[in-house]
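Breakdown of the fold
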Amino acid sequence: MTEVSSNISRAVDLLNQDKLVAIPTETVYGLAGNIYSEKAIKGIFEMKQRPLFNPLIVHIYDIRQVRELTTDFPEKAQKLAQKFWPGSLTLILPKNEKVPNLITANKNSVGIRMPDHSVTLELLAQLEFPLAAPSANPFSRISPTTAQHVKDYFNDKLELVLDGGPCKNGIESTIVGFENEEPVIYRLGSISQEEIEEVIGKVNINNQEKNAPIAPGMVEKHYAPRTKTVLVENVSDYLQANRHLKIGILLHQKIDDEQLAHTVKYLTSTSDIKEAASLLYASLHELDALNLDIIVAQKFPDSGIGKSLNDRLTRATK
Ligand code: TXA
Ligand code: MG
């Protein structure tokens, strides 16, 4: 049985033995291993059933570690790191020869982030190596935002989930890379495009599946419940037109006719998008367990974090 505990020294022991431990971060839980251990890294890909062409993010606790892993730390990247680390920003930077190719799927870049979670920062400080950690869900499924979600996915396969409580942001980090010195967002996430642009000016978004060679994780079907899921502007209209279905609805704003749904979930009672983000995956996990015919999610305003949430929900509907 997978142990769920907040025992950091136990996590240190396991990681020092090339084993995997699920770790809390402010975005989602990660499935972590020593970046220099081939055994651990292969284990991560296997446990997640993740294709080997999809690289892993390296987690650090001290900005000076960037220099140990990369050949260049551009000025704009430094500005972003200073502003947002520890926090939900992953920087894609040119890797040096110390970073194993298994982690980066043979790319010449590496994704690096400093998570904003005291338990994991403490853990990283006690280790002699950074941790590679993708989200702790099987490939294409909903990311975990509680220790229990991870246990439900990997019970018996994983020795320890380090419990750090529910993830306060609830969606993955925003990924920023550089092409000919120009910043590019490869994945929208917890930090909005607007917040990034306040620090370094205009940034393009390049997060389509057709660009998968650059950001291999942007496959269209992702973050998906097993239950069919749709994202709509007008949930009332959908309920009216589909009275025969057992529907679960996911709302951030009040609607008429909510009694037509089998289950109603509010992600926030005050239209607070940050609160909605923090509860999105947990609510999808809950609705997915109810044997519904369909999950109907209400579209968010297409700006700020709302844009990231629409992106996740769109991928969940494929
Ligand atoms: O919030 C997060 O980022 C979480 C927590 C655990 O830190 N991690 C996470 O990892 O979401 P994962 O593996 O589920 O998603 C990482 C994404 C993938 O889409 C991957 O393709 C992309 O980052 N990525 C990693 N290294 C890359 C690189 N060198 N170039 C382009 N994309 C990269
Ligand atoms: Mg993931």
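See the structure printed just above.
Just so it is clear, the structure is predicted and the values come from calculations on it, not from any experiment. (Residues numbered from 1 in each chain as written. Chains lettered and ligands numbered in written order. Predicted model: local features only at pLDDT ≥ 70, side-chain atom pairs only at ≥ 80, totals over all residues. Heavy atoms only, no water.)

Description of the sheet that holds strand β13 (residues 247-251)
- Ordered in space as β12-β15-β13-β14, the four strands form an open sheet in which the pairing is parallel. What marks the edges here is a single partner per strand, and that holds for β12 (229-232) and β14 (263-266). Across the sheet, the mean angle from the axis of one strand to that of its neighbour is 20°, orientation sign disregarded.
- Here β13 pairs with strand β15 (residues 294-298) via four bridges, running parallel. Within the sheet, the bridge partner assigned to L250 lies in β15 and is A297. (Pairing = 2+ DSSP bridges. Helix = DSSP H or I, 4+ residues; strand = E, 2+ residues; numbered from the N terminus. Axes fitted to C-alpha atoms, helices over the stretch in contact; angles between N-to-C directions.)

Some thoughts on the packing of helix α1 (residues 8-16) against helix α6 (residues 118-125)
- In the contact formed by α1 and α6, the axes pass within 10 Å of each other and the chain directions differ by 45°. Between α1 and α6, the angle is such that the two are oblique. The hand of the α1/α6 crossing is right-handed. The residues of α6 that touch α1, namely those facing I8, A11, V12 and L15, are V119, E122 and L123. (Parallel < 35°, antiparallel > 145°, perpendicular 65-115°, else oblique. Left-handed = near helix turned anticlockwise from the far one by under 90°. Contact = heavy atoms within 4.5 Å.)

Here's the deal with unusual backbone geometry
- With an omega of -10°, the peptide bond running from W85 to P86 counts as cis.
- Within the element layout of this structure, P86 appears in the loop between α4 (75-84) and β5 (89-94).
- Phi at N106 takes a positive value of approximately 65°, unusual for a residue other than glycine.
- Tracing the sequence through the fold places N106 in the loop between α5 (101-104) and β6 (109-113).
- The exposed category is assigned to N106, whose relative accessible area is 63%.
- Of note, S271 is a non-glycine position whose phi angle comes to about 55°, a positive value.
- Tracing the chain through its elements places S271 in the loop between β14 and α10 (273-288).
- The partly exposed category is assigned to S271, whose relative accessible area is 38%. (Buried < 20%, exposed > 50% of the residue type's maximum accessible area, 1.4 Å probe, protein only.)

Considering the nonpolar core
- Counting 65 residues, the largest nonpolar core has W85, L89, L91, L158, I196 and L280 as the members making the most contacts within it.
- The element best represented in this core is α10, accounting for six residues.
- Discounting residues that sit within four places of it in the chain, I196 has contacts with L80, F84, L89, T174, V176, I191, G201 and V203.
- Counting residues in hydrophobic clusters, the runner-up holds 17 residues, among them A11, V21, A32 and L131. (Core = buried A, V, L, I, M, F, W, Y, C linked by side-chain atoms within 4.5 Å.)

Here we look at the packing of aromatic side chains
- Inspection of the entire model under this criterion finds one aromatic pair.
- Relative to F154, the ring of Y153 has its centre 6.2 Å away and its plane inclined at 55°; by these criteria the two rings are tilted. Each member of the pair, Y153 as well as F154, is classed as buried. (Phe/Tyr/Trp six-rings, centres within 6.5 Å; stacked < 30°, edge-to-face > 60°.)

Section: the pattern of salt bridges
- What the rule picks out here adds up to 14 salt bridges.
- Its salt-bridge partner being R312, residue E172 comes within 3.0 Å of it at the nearest N-O pair. Taken together, the residues E172 in the loop between β8 (160-162) and β9 (174-179) and R312 in helix α11 (residues 304-316) connect sequence positions 140 residues apart. The burial state of E172 is the same as that of R312; both residues are buried.
- Taking the shortest distance from any N to any O, the salt bridge between D311 and R315 comes out at 2.8 Å. Linking D311 with R315, this pair stays in helix α11, spanning four residues, or about one helical turn. (Salt bridge = Lys/Arg side-chain N within 4 Å of Asp/Glu carboxyl O.)

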